[in-house]
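Chain by chain, the residues:
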Amino acid sequence: MTLDTTYLRGSMAAILSVLQHSSCPENIIFHFVTAASSSAAAPLNRTLSTSFPYLKFQIYPFRDGAVAGLISTSIRSALDCPLNYARNYMPDLLPSCLRKVVYLDSDLVLVDDIAKLAATPLGDDPNTVLAAPEYCNANFSAYFTPSFWSNPSLSLTFAGRKPCYFNTGVMVIDLQRWRAGDYTAKIQDWMELQKRMRIYELGSLPPFLLVFAGNIAPVDHRWNQHGLGGDNFRGLCRDLHPGPVSLLHWSGKGKPWARLDANRPCPLDALWAPYDLLQTPYALEA
Ligand SMILES: *[C@@H]1O[C@H](CO)[C@@H](O)[C@H](O)[C@H]1NC(C)=O
Ligand SMILES: *[C@@H]1O[C@H](CO)[C@@H](O)[C@H](O)[C@H]1NC(C)=O
């Protein structure tokens, strides 16, 4: 997970939910990535150690200046924060002895054992680097601009693939395969192109779709009941998708802590509230 002061309340709830639903919490190791430019690493470290005295974790600095120049503005300013792009660099940031991780956003809670998600098989194809739930009913074309689709040298990137939307907030990542195929460079190439011609409108998601869509290992939809934060503009209340639930994800503009604090919660925000360790507006000690 990434870690910063803005989303700390979400991260703490996510951590608590992972631990509470794990049959073997002592086997879980958390890897947090935090912006190297911020001075928050030490206080975040203290907050985590104090709140979870037995938590096994490491904090890694992300040189966010490097990616800042590659970010083009999207439709929601929160998506343009450099730390949001740290997921592109996980295989380089984490120790090379780590072979596989589960990446999680900070605006979600698990209600099932994360070991089941972590055990997702990625198959024998070395080009399969990610596992995530796919949504083939979503309109994939809408994630890219008409200038992308009308340029055959670009749109041909999907030739021979059956690309479907997937949400990058919950992913099982094979770090070894990622490093071997240098997927970070592939993602960066698309971000550089986006600086020159607008090929998409969202933040860190479209480059992931460009590089991986149509070639990811399946995960049951129960592991990412996403969109509970509403859309990118208004953050309206949303209902769960049909089917079982192992993970609730408040992706979109509305965050449960903000709506609870404003006394305007959505019905499903009540499922997040039991994991809220920082009910009162929280200030880090200097
Ligand atoms: C976090 O604190 C522990 C001691 O409590 C220390 O060993 C570790 O290096 C610290 N990590 C960071 C990233 O500050
Ligand atoms: C999918 O999105 C594209 C681009 O926004 C749009 O032109 C097209 O009509 C949409 N297709 C469907 C089936 O909604």
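Residues numbered from 1 in each chain as written. Chains lettered and ligands numbered in written order. Predicted model: local features only at pLDDT ≥ 70, side-chain atom pairs only at ≥ 80, totals over all residues. Heavy atoms only, no water.

Peer 1: Where do I start with the nonpolar core in this structure?
Peer 2: By size, the foremost hydrophobic cluster in this structure holds 48 residues, and its most contacted members are Leu-130, Phe-144, Phe-166, Trp-178, Leu-209 and Phe-212. By residue number, the principal contributor to this core is helix 10 (residues 205-212), which donates 6 residues. What Leu-130 contacts, discounting residues up to four positions off in sequence, is Leu-122, Phe-166, Met-171, Val-172, Ile-173, Trp-178, Phe-208, Phe-212, Ile-216 and Ala-217. Core analysis: the second largest hydrophobic core is formed by 40 residues, Ala-13, Ile-28, Leu-44 and Leu-278 among them. (Core = buried A, V, L, I, M, F, W, Y, C linked by side-chain atoms within 4.5 Å. Buried < 20%, exposed > 50% of the residue type's maximum accessible area, 1.4 Å probe, protein only. Helix = DSSP H or I, 4+ residues; strand = E, 2+ residues; numbered from the N terminus. Contact = heavy atoms within 4.5 Å.)

Peer 1: Explain the pattern of salt bridges to me, please; I cannot follow it from the model alone.
Peer 2: A side chain of one charge can pair with a side chain of the opposite charge when the charged atoms of the two come close. Under the criterion given, the structure shown has 8 salt bridges. For Arg-9, the salt bridge goes to Asp-261, with nearest N and O atoms at 2.8 Å. Taken together, the residues span a long stretch of sequence, with Arg-9 in helix 1 (residues 8-20) and Asp-261 in helix 11 (residues 256-261) at a distance of 252 residues. Here Arg-9 falls in the buried class, since its relative accessible area comes to 11%. (Salt bridge = Lys/Arg side-chain N within 4 Å of Asp/Glu carboxyl O.)

Peer 1: Sorry, what's going on with the sheet that holds strand 9 (residues 217-218) here?
Peer 2: The strands making up a sheet are joined through hydrogen bonds of the backbone, oriented either antiparallel or parallel. The 4 strands lie next to each other as 3-8-5-9, forming an open sheet whose pairing is mixed. In this open sheet, the two strands that pair with only one neighbour each are strand 3 (100-104) and strand 9. Strand direction decides the pairing type here: strand 3 and strand 8 (residues 170-174), joined by 5 bridges, are antiparallel. Note on strand 8: the bridge partner recorded for Tyr-103 is Met-171. (Pairing = 2+ DSSP bridges.)

Peer 1: Teacher, can you tell me more about helix 9 (residues 183-196) here?
Peer 2: Turn by turn, an α-helix covers 3.6 residues, leaving residues three or four places apart pointing in a common direction. Under the 1.5 Å per step criterion, the end-to-end length of helix 9 is 21 Å for 14 residues, consistent within 8% with the ideal 20 Å. Buried residues belonging to helix 9 abut helix 3 (64-68), helix 4 (90-93), helix 6 (146-149), helix 7 (152-155), helix 8 (175-181) and helix 10. (Expected span 1.5 Å × (residues − 1).)

Peer 1: I keep staring at the packing of helix 1 against helix 2 (residues 41-51) and nothing clicks. Help me out?
Peer 2: In helix packing, the relevant descriptors are the interaxial angle and the interaxial distance, both defined with respect to the helix axes. Contact pair helix 1 / helix 2: the axes reach a minimum separation of 12 Å and the direction vectors enclose 35 degrees. Like other packed secondary-structure pairs, helix 1 and helix 2 cross with a definite hand, here right-handed. Of helix 2, the residues touching helix 1 (which contributes Leu-8, Met-12 and Ile-15) are Leu-44, Thr-47, Leu-48 and Ser-51. When its residues are assigned to classes, the contact of helix 1 with helix 2 shows 5 nonpolar, 2 polar and no charged. (Axes fitted to C-alpha atoms, helices over the stretch in contact; angles between N-to-C directions. Left-handed = near helix turned anticlockwise from the far one by under 90°. Nonpolar A, V, L, I, M, F, W, Y, C, P; charged D, E, K, R; others polar.)

Peer 1: Sorry, what's going on with the side chain of Arg-87 here?
Peer 2: With respect to the helices and strands, the residue Arg-87 is situated in the loop between helix 3 and helix 4. For Arg-87, a relative accessible area of 4% puts it in the buried group. Among the polar contacts made by the side chain of Arg-87, one reaches the side chain of Asn-84 at a distance of 2.6 Å. Not counting residues within four places of it along the chain, the set of residues in contact with Arg-87 comprises Tyr-103, Asp-105, Thr-168, Gly-169, Met-171, Trp-178, Ser-204 and Phe-208. (Polar contact = N/O pair within 3.5 Å; in protein donor to acceptor, adjacent residues only side chain to side chain.)

Peer 1: How do you make sense of a negative patch on the surface when you look at a structure like this?
Peer 2: Where like charges cluster on the molecular surface, the negative patch consists of Asp-92, Asp-182, Asp-189 and Glu-192. For Asp-189, the position within the fold is in helix 9. (Patch = residues over 30% accessible without salt bridge, like charges linked within 9 Å, V, L, I, M, F, W, Y side chains within 5 Å. Areas by Shrake-Rupley, 256 points an atom, 1.4 Å probe, with all protein chains shown as cover. Lys, Arg positive; Asp, Glu negative; His and termini not counted. Charge placed at Lys NZ, Arg CZ, Asp CG, Glu CD.)

Peer 1: Would you take a moment to explain the confidence of the model for the chain for this structure?
Peer 2: A low pLDDT means the predicted coordinates there should not be read in detail. Residues at a pLDDT of 70 or more form 94% of the chain, whose mean pLDDT is 91. When the criterion is pLDDT under 50, residues 282-286 qualifies, and its contacts beyond four places in sequence or with other chains add up to 11 contacts. (pLDDT = per-residue confidence, 0-100.)

Peer 1: Explain the layout of surface pockets to me, please; I cannot follow it from the model alone.
Peer 2: Vacant regions in the atomic arrangement are exposed by a probe of water-molecule size rolled over the atoms. Looking at the second largest pocket, its volume works out to about 460 Å³. For the lining of the second largest pocket, the elements supplying multiple residues, two or more each, are strand 1 (29-35), strand 3 and helix 5 (114-118). It is strand 3 that contributes the most residues to the lining of the second largest pocket, 5 residues altogether. Considering only residue class, the lining of the second largest pocket consists of 14 nonpolar, 2 polar and 1 charged. (1 Å grid on protein atoms, 1.4 Å probe; cavity = no way out; pocket = protein on both sides within 12 Å on 5 of 7 lines; lining within 4 Å. Points joined across faces, edges and corners; volume = space filled by probe spheres on them.)

Peer 1: I would appreciate a short explanation of the packing of aromatic side chains in the present structure.
Peer 2: Think of a pair of aromatic rings as described by two things: how far the centres are apart, and how the planes are tilted against each other in angle. Applying the stated rule across the entire model yields 21 aromatic pairs. Ring centres of Tyr-135 and Tyr-165 lie 5.9 Å apart, and the angle between their planes is 45 degrees; on these two criteria the pair is classed as tilted. One end of the pair, Tyr-135, is in strand 6 (residues 134-135); the other, Tyr-165, is in strand 7 (residues 165-166), and 30 residues separate them in sequence. Consider the rings of Phe-148 and Phe-158, whose centres lie 6.1 Å apart with planes at 70 degrees: the pair is edge-to-face. Linking Phe-148 in helix 6 with Phe-158 in the loop between helix 7 and strand 7, this pair joins segments that are 10 residues apart in sequence. Per residue, the accessibility class of Phe-148 equals that of Phe-158, and both read buried. Following the ring pairs from residue to residue traces out a cluster consisting of Phe-140, Phe-144, Phe-148, Trp-149, Phe-158 and Trp-190. Sitting over the ring of Tyr-183, Lys-186 keeps its end group 4.5 Å from the ring centre. (Phe/Tyr/Trp six-rings, centres within 6.5 Å; stacked < 30°, edge-to-face > 60°. Lys NZ or Arg CZ within 6 Å of the ring centre and 35° of its normal.)

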